[in-house]
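Take a look at the letters that make up each chain.
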Amino acid sequence: SKDKRQAGKVIITCAVTGAIHTPSMSPHLPVTPDEIIADSLAAAEAGAAILHLHARHGDGRPDQSPEGFAAFLPRIKQGTDAVVNITTGGSPYMTVAERAAPAARFQPELASLNMGSMNFGLYPMLNRYRDFQHDWEREHLEGSRDLVFRNSFADIEYVLETCYGNGTRFEFECYDTSHLYNLAHFADRGLVKAPFFVQSVFGLLGGIGGHHEDVLHMKRTADRLFGDDYRWSVLGAGANQFRIATQAATLGGNVRVGLEDSLWAGRGELAKSNAVQVRKIRAIVEGLGLDIATPDEAREILGLKG
Ligand SMILES: C[C@H](N)CC(=O)CC(=O)O
Ligand SMILES: [Zn+2]
């Protein structure tokens, strides 16, 4: 249908810093409010219609306090009309009440919502990174061996109840097909309204892999469950990022990049900024003869409150 993808418009989301990577992994990972603001505005300038935001403490530890977000949100909103998307995933080590607080406070157009519980395997990164500036970084990775990213049906309901009344819509993070079925369950109960912005996550240990058959499997399942009622987007973790984004763009999908999901600009080359990744995926998308969506076109496509 026409608004399903306005004339081939591709929505680029940029996930600026996240809560997975740590400062010792890349000097380019934004940590301070000024760094998060500068990288967000440059990413928007480069073509990102949506900015997916997390906050961090000075030493890089994930910070899910509303104050942590208040330190950069106003200046980002002053500097760009890009859609602000506030995480309710926070860090997998946090409670759902902690995780939902910033979105409840700032009532953004968009907030992430993780659609199922899962193992969240970060510890294999210990094979690559040995020296850390801060002790919490090693604990953050090692602790993931016994970490369950909890998103029970009650947790999901809690975030829905906390945010829906504010006109906030969701980036439904689906790390596996079961998460698509969980979303269908909430749709059947009328607790979520179409169009559903489905952000399918590939290549994160504990979720579905990053093989091109996995991408097709998630798309086929979403097509069957939601038909025209969803807007598909993908993110590939780490080295999968650009290959999976390119595959999805050829299949009519939208794309997410950013240092939250991958620190790389290419094989063995650290991305010097989020804008580097936005420019790279934009060139690929436009190279495919597709246009990127402006923030207002993204609002239209996703049915956001604006
Ligand atoms: C794999 C990504 N870290 C998924 C994510 O962005 C979760 C969230 O913030 O709610
Ligand atoms: Zn996130």
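Just so it is clear, the model here is predicted, and its values are computed rather than measured.

Criteria and cut-off values
- Residues numbered from 1 in each chain as written.
- Chains lettered and ligands numbered in written order.
- Predicted model: local features only at pLDDT ≥ 70, side-chain atom pairs only at ≥ 80, totals over all residues.
- Heavy atoms only, no water.
- 1 Å grid on protein atoms, 1.4 Å probe; cavity = no way out; pocket = protein on both sides within 12 Å on 5 of 7 lines; lining within 4 Å.
- Points joined across faces, edges and corners; volume = space filled by probe spheres on them.
- Helix = DSSP H or I, 4+ residues; strand = E, 2+ residues; numbered from the N terminus.
- Donors = N, O, S within 2.8 Å, 3.2 Å for Na, K, Ca; no water.
- Buried < 20%, exposed > 50% of the residue type's maximum accessible area, 1.4 Å probe, protein only.
- Near = heavy atom within 4 Å.
- Polar contact = N/O pair within 3.5 Å; in protein donor to acceptor, adjacent residues only side chain to side chain.
- Areas by Shrake-Rupley, 256 points an atom, 1.4 Å probe, with all protein chains shown as cover.
- Phe/Tyr/Trp six-rings, centres within 6.5 Å; stacked < 30°, edge-to-face > 60°.

A. Main features of the layout of surface pockets. Of the voids in this model, the largest pocket is the one considered here, and its volume is about 900 Å³. In this structure, the largest pocket is lined by 45 residues; those nearest its centre are His21, Gly203, Ala237, Gly238 and Asp261. Within the residue set of the lining of the largest pocket, elements represented by two or more residues are strand 7 (110-114), helix 9 (241-250) and strand 14 (264-266).

B. Up close: the coordination of the zinc ion (ligand 2). At the metal site, the zinc ion (ligand 2) is ligated by His52 (NE2), His54 (NE2) and Glu260 (OE), and these contacts range over 2.1 Å. Each donor residue of the zinc ion (ligand 2) belongs to the same chain, and together they define the spacing H-x1-H-x205-E. Of this pair, histidine 52 sits in strand 3 (residues 50-53) while glutamate 260 is found in the loop between strand 13 (254-257) and strand 14, placing the two residues 208 residues apart along the sequence. You can call histidine 52 buried: its relative accessible area is 1%. Given a relative accessible area of 9%, glutamate 260 falls into the buried group.

C. Examining empty space enclosed by the protein more closely. For the structure on display, the rule yields 1 cavity of 30 Å³ or more. For the largest cavity, the calculated volume is near 50 Å³. When contributions to the lining of the largest cavity are tallied by element, the ones reaching two or more residues are strand 10 (169-174) and strand 11 (196-202). It is strand 10 that provides the largest number of residues to the lining of the largest cavity, a total of 3 residues.

D. The arrangement of the site of ligand 1 in detail. Looking at ligand 1, there are 13 residues lining it, with Thr87, Ser112, Asn114, Arg256 and Glu260 nearest. Between ligand 1 and the protein, one listed contact pairs an oxygen atom with a side-chain N or O atom of arginine 256 at 2.9 Å. Residue glutamate 260 places a side-chain N or O atom 2.7 Å away from an oxygen atom belonging to ligand 1. Its free accessible area being 300 Å², ligand 1 has 96% of it covered by the protein chains.

E. How the structure looks around the packing of aromatic side chains. Across all of its chains, the model carries 10 aromatic pairs by this definition. Ring geometry for phenylalanine 120 and phenylalanine 149: centres 5.2 Å apart, planes at 75°, overall edge-to-face. Of this pair, phenylalanine 120 sits in the loop between strand 8 (118-119) and helix 5 (135-142) while phenylalanine 149 sits in strand 9 (residues 148-149), placing them 29 residues apart in sequence. Assigned by exposure class, phenylalanine 120 and phenylalanine 149 land together as buried. The interplanar angle of 45° and the centroid separation of 5.9 Å between the aromatic rings of phenylalanine 170 and phenylalanine 172 together place this pair among those described as tilted.

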